[in-house]
Amino acid sequence: TDKTWPRFSTITPSTGGPGLTVTISGANFGEGLTVTIVEELVNVTIVSSNVITAIIPNTGAFQNPANLLTSTESVIISDSQDRSVVGYNAFIVQASYGEFAENTVNW
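Cut-off values and rules
Residues numbered from 1 in each chain as written. Predicted model: local features only at pLDDT ≥ 70, side-chain atom pairs only at ≥ 80, totals over all residues. Heavy atoms only, no water. Helix = DSSP H or I, 4+ residues; strand = E, 2+ residues; numbered from the N terminus. Buried < 20%, exposed > 50% of the residue type's maximum accessible area, 1.4 Å probe, protein only. Contact = heavy atoms within 4.5 Å. Areas by Shrake-Rupley, 256 points an atom, 1.4 Å probe, with all protein chains shown as cover. Pairing = 2+ DSSP bridges. Axes fitted to C-alpha atoms, helices over the stretch in contact; angles between N-to-C directions. Core = buried A, V, L, I, M, F, W, Y, C linked by side-chain atoms within 4.5 Å.

A. Local environment of the overall build of the protein. A tally of regular secondary structure across the protein gives two helices and nine strands. The buried share among the 107 residues of the protein stands at 34%. For the protein, long-range pairs separated by at least 24 residues make up 51% of all intrachain contacts whose partners lie at least 6 apart in sequence. For the protein, the computed accessible surface area is about 6300 Å², with 50% contributed by carbon and sulfur atoms.

B. Spatial organisation of the sheet that holds strand β3 (residues 21-27). Taken in spatial order, the four strands of this open sheet run β1-β3-β7-β6, and their pairing is antiparallel. The open sheet has two edge strands with one neighbour each: β1 (7-12) and β6 (44-48). Taken pair by pair, the neighbouring strands of this sheet meet at an average axis angle of 25 degrees, ignoring direction. As judged from the five bridges shared by β3 and strand β7 (residues 51-55), these two strands associate in the antiparallel manner.

C. Looking closely at the nonpolar core. Phe-8, Ile-11, Ile-24, Ile-37, Val-75, Ile-77 and Phe-91 are the most contacted members of the largest nonpolar core, which totals 19 residues. The element contributing the most residues to this core is strand β9 (residues 84-93), with four residues. Not counting residues up to four positions away in its chain, the partners in contact with Ile-77 are Pro-6, Phe-8, Ile-24, Phe-29, Leu-33, Thr-34, Ile-52, Arg-83, Ser-84 and Val-85.

D. Region of interest: unusual backbone geometry. Following Thr-12, the chain continues into Pro-13 via a peptide bond in cis, with omega recorded as -15 degrees. Considering the arrangement of structural elements, one finds Pro-13 in the loop between β1 and β2 (15-16). Notably, Asn-28 is not glycine yet its phi reads approximately 65 degrees, a positive angle. By secondary structure assignment, the location of Asn-28 is in the loop between β3 and β4 (34-37). Positive phi values are uncommon outside glycine, yet Val-38 reaches one of about 70 degrees.

Set out below in structure tokens:
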């Protein structure tokens, strides 16, 4: 079997929202790697072949409070050869009350 595919072990913390920096542990992380939680994350740093850090953005799907309050998401790591590994339901995306309140329409 090919042991060069990316591997996912953990994401820390496993709950959070926009602006949060997460640390992803695994193996075979290298140049051209992408990380997806709801949507592709753009602020991904490869710390080592076993550790990635990424920032949950305040864009796109992460701006929708209805989704953020209840969203359990998978973490998808893809390498430059389009080989992917999935951490199923590994991350719970949450909005803080302040973020939700800012986007709530006053009736």
